[in-house]
Amino acid sequence: MGLTLDACILILKEHHLLKSSAVQDKVSQKFTSASYDSRQVTANTLFFCKGENFRPIYLEMAKNNGATVYVAEQPYAEGKGMHALIVRNIRKAMALLAAAFYDFPQDDLFVIAYTGTKGKTTSAYFTKGMLDRVNDGHTAMSSTVERVLGPKPEQHIASELTTPESLDLFRDMRTAVDNGMTHLAMEVSSQAYKKNRVFGLTYDVGFFLNISPDHIGPNEHPTFADYLHCKLQLLVNSRKCVINAETDYFNEVYAAATITTEPDSVYLFASADFPAPEGVKIDFRYQSEEADLSKSRFKLTAGTLKAEQLRITGEYELDLIGDYNESNACAAIIGAGLAGATYPDTAKGIANVQIPGRMEKLDIPGHGRVYVDYAHNYASMVALLSFLKKEYQQPRILVVVGSPGDKGVSRREGFAKALNQLAQRAFITNDDPGFEEPIDIANQIVAGIDPQKVKVTIELDRAEAIELAITESQPGDIVVLAGKGSDDEQKVRGVNTPWPTDMAVAKAVAARLRG
Ligand SMILES: CC(=O)N[C@H]1[C@@H](OP(=O)(O)OP(=O)(O)OC[C@H]2O[C@@H](n3ccc(=O)[nH]c3=O)[C@H](O)[C@@H]2O)O[C@H](CO)[C@@H](O)[C@@H]1O[C@H](C)C(=O)N[C@@H](C)C(=O)N[C@H](CCC(=O)O)C(=O)O
Ligand SMILES: Nc1ncnc2c1ncn2[C@@H]1O[C@H](COP(=O)(O)OP(=O)(O)OP(=O)(O)O)[C@@H](O)[C@H]1O
């Protein structure tokens, strides 16, 4: 682990990123650490000046703490006395140097990457469940919920971002390899491409699950076109591509995949009755046999020779309900197949996978049945509520939900629309309000709710809102605690305040109601 100054210069030149350099002697000096945070800098560190909130004083702090070279998009007086590498794009430069600094750990891992508006976390967990069976628990994972960097419980670390900053991602991969991990299932957000966190990274298998409007707003994507463009980059950077043929914008998605991957290495999947888009064949189809309130059961069949060759077809059962999870499972099974797993290992490996904060259930005697689920935009809320409505045969549905501040503004309108279509009762509350006024967010959701269809209460204390909903519910009702999943923090004005989790609060309410 480490990098010399002349190696940095070579890499940056090779990628036409080096604008100028001011280096003294000792170009063969090796850096033993790399950081973008002055507070973490120690002796002999390579320091990156990046970020909207970067201040030149951080460079001075980094120098005082022992950084000897900085990489930035402009020279800084504060860096006087240090080697300076001035680059055209700091985030691209950081990603490339990060990979080299950690000695290209991706080459020692079979990397399976998921993008899509919904289903990334679920598919990553499914993949890990199956591959762990064939590699004896040595599948690393990088997900919104946690990063798994080794087989031991203490090597599971809670995540801050869906896709980490490049320097953190390549460090994670190196740690995973050093801990003996052989495969990596990872989620790639559109922001990861927007911010070049994965610049230069090639995946063994890349997935496009689906796309619907989300993450559009001042701090994320300016337009839907930009969101789609960022997501498509994953396919351009994958050796093999797997696409859900039912996705919106299929033609654009398929075209992106075939820019760099020959059609023989592109796999398509769809549900049994979905008509194939013109000019392509569906490789895998899943036929739902049972998707009820205890299990999902489906059959996977092959429609092409290359699909048959993977030897993953057969009957599958999931411990995770929700009909949309059959699509996520189908994707993950193909991923496991491309990594070398075969039936029945795939079926045994996926059967018991559970995912924190997805469809967690609690029965409350004398009241309704509670589901905690991470549904947090229009598409996922509709998928979840439609499934519950169908399976419980038109129950009364009470939903506790809020929308985050500073991002995903379109979700507020989306929640209102989904509630109008499928719920009878709504408790609008807090969910990571950030720097926005919670009541303003709540009012924006409520503005879209039709009071003729949904009775609304605003209760900004999330624990109180959960208590109100559960207490009001009657046997036969469904109470959905949406949007936070297993999240154990509320982000309020830049501070991550502890949150016991929705399920813990629901259990505490249940205990109180039992007396
Ligand atoms: C927009 C974006 O990518 N922001 C991320 C980015 O921030 P940034 O590069 O702008 O850095 P910054 O926070 O402005 O700070 C400036 C720099 O000064 C440094 N610093 C700061 C203080 C100090 O004393 N010394 C010092 O050196 C910081 O380490 C940093 O390098 O890098 C930070 C880590 O260095 C991330 O925490 C931050 O994520 C923000 C908070 C975030 O939540 N982003 C969301 C929108 C996101 O990326 N979400 C996606 C999922 C959504 C999707 O599906 O698309 C995700 O992948 O998680
Ligand atoms: N294929 C799907 N189609 C529609 N909704 C889905 C699908 N898969 C999951 N969901 C819903 O979306 C929620 C989040 O699922 P998951 O965490 O797997 O997605 P994700 O892509 O990782 O989401 P995010 O990027 O928001 O973290 C689930 O709790 C469920 O309600």
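Residues numbered from 1 in each chain as written. Chains lettered and ligands numbered in written order. Predicted model: local features only at pLDDT ≥ 70, side-chain atom pairs only at ≥ 80, totals over all residues. Heavy atoms only, no water.

Focus: the packing of aromatic side chains
1) Next: Under the definition given, this model contains 12 aromatic pairs.
2) Next: A centroid spacing of 6.4 Å and a plane angle of 55 degrees characterise the contact between Y70 and Y76, whose relative ring orientation is tilted. Here Y70 matches Y76 in class, with each residue buried.
3) Next: Look at F250 and Y254: their rings are 5.7 Å apart centre to centre, the planes differ by 25 degrees, and that puts the pair in the stacked class. In this pair, F250 and Y254 are both assigned in helix α8 (residues 250–260), four residues apart and thus about one turn of the helix distant.
4) Next: Pairwise contacts between aromatic rings join F54, Y58, Y70 and Y76 into one cluster. (Phe/Tyr/Trp six-rings, centres within 6.5 Å; stacked < 30°, edge-to-face > 60°. Buried < 20%, exposed > 50% of the residue type's maximum accessible area, 1.4 Å probe, protein only. Helix = DSSP H or I, 4+ residues; strand = E, 2+ residues; numbered from the N terminus.)

Notes on the site of ligand 2
1) Next: By nearness alone, 18 residues border ligand 2, and K120, T121, T122, R358 and D373 come closest of all.
2) Next: Here an oxygen atom of ligand 2 and a side-chain polar atom of K120 are 2.5 Å apart.
3) Next: Within the side chain of D373, a nitrogen or oxygen atom sits 2.5 Å from an oxygen atom of ligand 2.
4) Next: Taken by itself ligand 2 offers 630 Å² of open surface, and the protein chains cover 93% of this.
5) Next: Residue assignment for the shell around ligand 2 shows that the elements contributing at least two residues are α4 (120–135), α10 (324–338) and α12 (378–391).
6) Next: Tallying contributions element by element places α4 first for the shell around ligand 2, with three residues.
7) Next: Formed jointly, the shell around ligand 2 draws a minimum of three residues from each of two domains, domain 2 (105–351) and domain 3 (360–514). (Near = heavy atom within 4 Å. Polar contact = N/O pair within 3.5 Å; in protein donor to acceptor, adjacent residues only side chain to side chain. Areas by Shrake-Rupley, 256 points an atom, 1.4 Å probe, with all protein chains shown as cover. Domains from an automatic or database assignment.)

Notes on the domain arrangement of the chain
1) Next: According to the domain assignment, the chain consists of domain 1 (3–101), domain 2 (105–351) and domain 3 (360–514).
2) Next: Once you take the C-alpha centre of each, domain 1 and domain 3 turn out to be 45 Å apart.

Here's the deal with the layout of surface pockets
1) Next: Size it by volume and the second largest pocket reaches roughly 260 Å³.
2) Next: Along its surface, the second largest pocket is lined by 13 residues, and A34, S35, Q40, D168 and R171 are the ones closest to its centre.
3) Next: Taken together, the residues that form the lining of the second largest pocket break down as six nonpolar, four polar and three charged.
4) Next: In this structure, the lining of the second largest pocket is formed jointly by two domains, domain 1 (3–101) and domain 2 (105–351), each of which donates at least three residues. (1 Å grid on protein atoms, 1.4 Å probe; cavity = no way out; pocket = protein on both sides within 12 Å on 5 of 7 lines; lining within 4 Å. Points joined across faces, edges and corners; volume = space filled by probe spheres on them. Nonpolar A, V, L, I, M, F, W, Y, C, P; charged D, E, K, R; others polar.)

Focus on the sheet that holds strand β2 (residues 18–22)
1) Next: With mixed pairing, the five strands of this open sheet are ordered in space as β2-β7-β6-β5-β4. The outermost strands of the open sheet, each flanked by one partner alone, are β2 and β4 (33–35). On average, each strand axis in the sheet is inclined to that of its neighbour by 15 degrees, with strand direction left out of account.
2) Next: Relative to strand β7 (residues 83–87), strand β6 (residues 67–72) runs parallel, the two sharing four bridges. Along β7, the bridge assignment pairs Y70 with A84.
3) Next: Of the strands in this sheet, β5 (45–48) and β6 touch helix α2 (residues 56–65), which is tilted by about 155 degrees from β6. (Pairing = 2+ DSSP bridges. Axes fitted to C-alpha atoms, helices over the stretch in contact; angles between N-to-C directions. Contact = heavy atoms within 4.5 Å.)

Observations regarding empty space enclosed by the protein
1) Next: Taken as a whole and assessed by the stated rule, the structure comprises two cavities of 30 Å³ or more.
2) Next: Space inside the largest cavity adds up to approximately 60 Å³.
3) Next: Along its surface, the largest cavity is lined by A140, M141, S142, R147, L149, L169, D172, M173, A176 and L184.
4) Next: Sorting the residues of the lining of the largest cavity by element identifies β9 (139–142) and α5 (166–178) as the ones contributing at least two each.
5) Next: With four residues, α5 is the largest single contributor of residues to the lining of the largest cavity.
6) Next: Across the lining of the largest cavity, the residue classes tally to seven nonpolar, one polar and two charged.
7) Next: Taken as a whole, the second largest cavity spans an internal volume of roughly 30 Å³.
8) Next: Lining the second largest cavity are S403, T429, N430, D431, P433, P438, I441 and A442.
9) Next: The residue inventory of the lining of the second largest cavity, partitioned by class, reads four nonpolar, three polar and one charged.

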